[in-house]
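# Understanding the architecture of this molecule
Here is what each chain is made of, one letter per residue.
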Amino acid sequence: MKNVLVVLVLLISACTSLPFSGSSSSFQHTEFLLEAEEALDGLISNSGEGIPPILLRHTNAIVVFPNLVKAAVIAGTRVGKGVVIARSLKTGKWNPPAFIKFRQASWGIQAGIQEAELVLLVVTKKGLKQLFKRQFSLTEGPQLAIGPVGKTLDLNLDKLLSRNDILAYSRIKGLFAGISFEDTIISSDKYTNYEYYQQVVSNRSLLIGEKGIKIPVSGQVFLKSVKRLEKQAGNKR
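Residues numbered from 1 in each chain as written. Predicted model: local features only at pLDDT ≥ 70, side-chain atom pairs only at ≥ 80, totals over all residues. Heavy atoms only, no water.

A count of helical and extended segments in the protein gives seven helices and nine strands. A total of 237 residues make up the protein; the buried ones form 52% of that total. For the protein, the share of sequence-separated contacts (at least 6 apart) that also reach a separation of at least 24 residues comes to 71%. Total accessible area on the protein stands at roughly 12400 Å², and carbon and sulfur atoms take up 54% of it. (Helix = DSSP H or I, 4+ residues; strand = E, 2+ residues; numbered from the N terminus. Buried < 20%, exposed > 50% of the residue type's maximum accessible area, 1.4 Å probe, protein only. Contact = heavy atoms within 4.5 Å. Areas by Shrake-Rupley, 256 points an atom, 1.4 Å probe, with all protein chains shown as cover.)

As structure tokens, this is what we get:
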């Protein structure tokens, strides 16, 4: 029942948060944020396969790609759209969501179409600074660890957070799995940001919580959902 109410609020917000001329794209963004929430929720796990719940409370930013698609014959390209939120270093609250793009080229004999969900937990200021850039490589600069990293009860949190800037978790067709990040570029999606906020706004402005940016209702609901997941994670420690 709770999930049904969340969906209804998100759909209603799509009609009210943007002008009528943008109603179609508004529904798309609302649906996308709902998919991002479901992907994050699905990757949180105490079993040692997914995201240890306690990590959410030590995360500076959360990046979610709910549907990365890799189509390959000889050369493969994995692409997708994502959303990122950053925690205010002053208040601890989540700042407005920013939209981003994922692109990865790979070579070699490959076949088929593969879909994946990906969540990146940014746990250091060094990792956070990467998100402020218009474009950055996941394999250059920040120290990246590919999950799983162990069960919650066996987790050495201090060691994990001191050695890594970004922790990556993914699922392929419902199964927890690790994917390669070689030649992966993440860039800001300025067109989607403009379409969603109805103003020119940079990822940096959104992630630092710059004043004067009105968050559409669907974005507010998404932030509340993340807060709820974070609270539930705290109860699972």
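Next up on the list: the pattern of salt bridges. Between side chains of opposite charge, a pair can form when the charged atoms approach closely. For the structure on display, the rule yields four salt bridges. A salt bridge links Arg87 to Glu230; the shortest N-O distance between them is 2.9 Å. Highlighted residues: Arg87 in the loop between β2 (76-86) and β3 (98-106) and Glu230 in helix α7 (residues 217-235), separated in sequence by 143 residues. With respect to burial, Arg87 and Glu230 carry one shared label: buried. Measuring nitrogen to oxygen at the nearest pair gives 2.8 Å for the salt bridge that ties Glu117 to Arg171. (Salt bridge = Lys/Arg side-chain N within 4 Å of Asp/Glu carboxyl O.)

Here strand β9 (residues 184-188) lies mainly inside the structure; four of its five residues are buried. As paired elements, strand β5 (residues 135-137) and β9 share three bridges and run antiparallel to each other. Residue pairing across strands places Phe136 opposite Ile186, the latter belonging to β9. (Pairing = 2+ DSSP bridges.)

Here we come to the confidence of the model for the protein. Summarising the model, the protein shows a mean pLDDT of 78, and 70% of its residues fall at 70 or more. In this model, residues 1-22 is a region of pLDDT below 50 whose contacts with residues beyond four sequence positions or in other chains number 28 contacts. Note that residues 107-111 has pLDDT below 50 and, in this model, 13 contacts with residues that lie over four places away or in other chains. (pLDDT = per-residue confidence, 0-100.)

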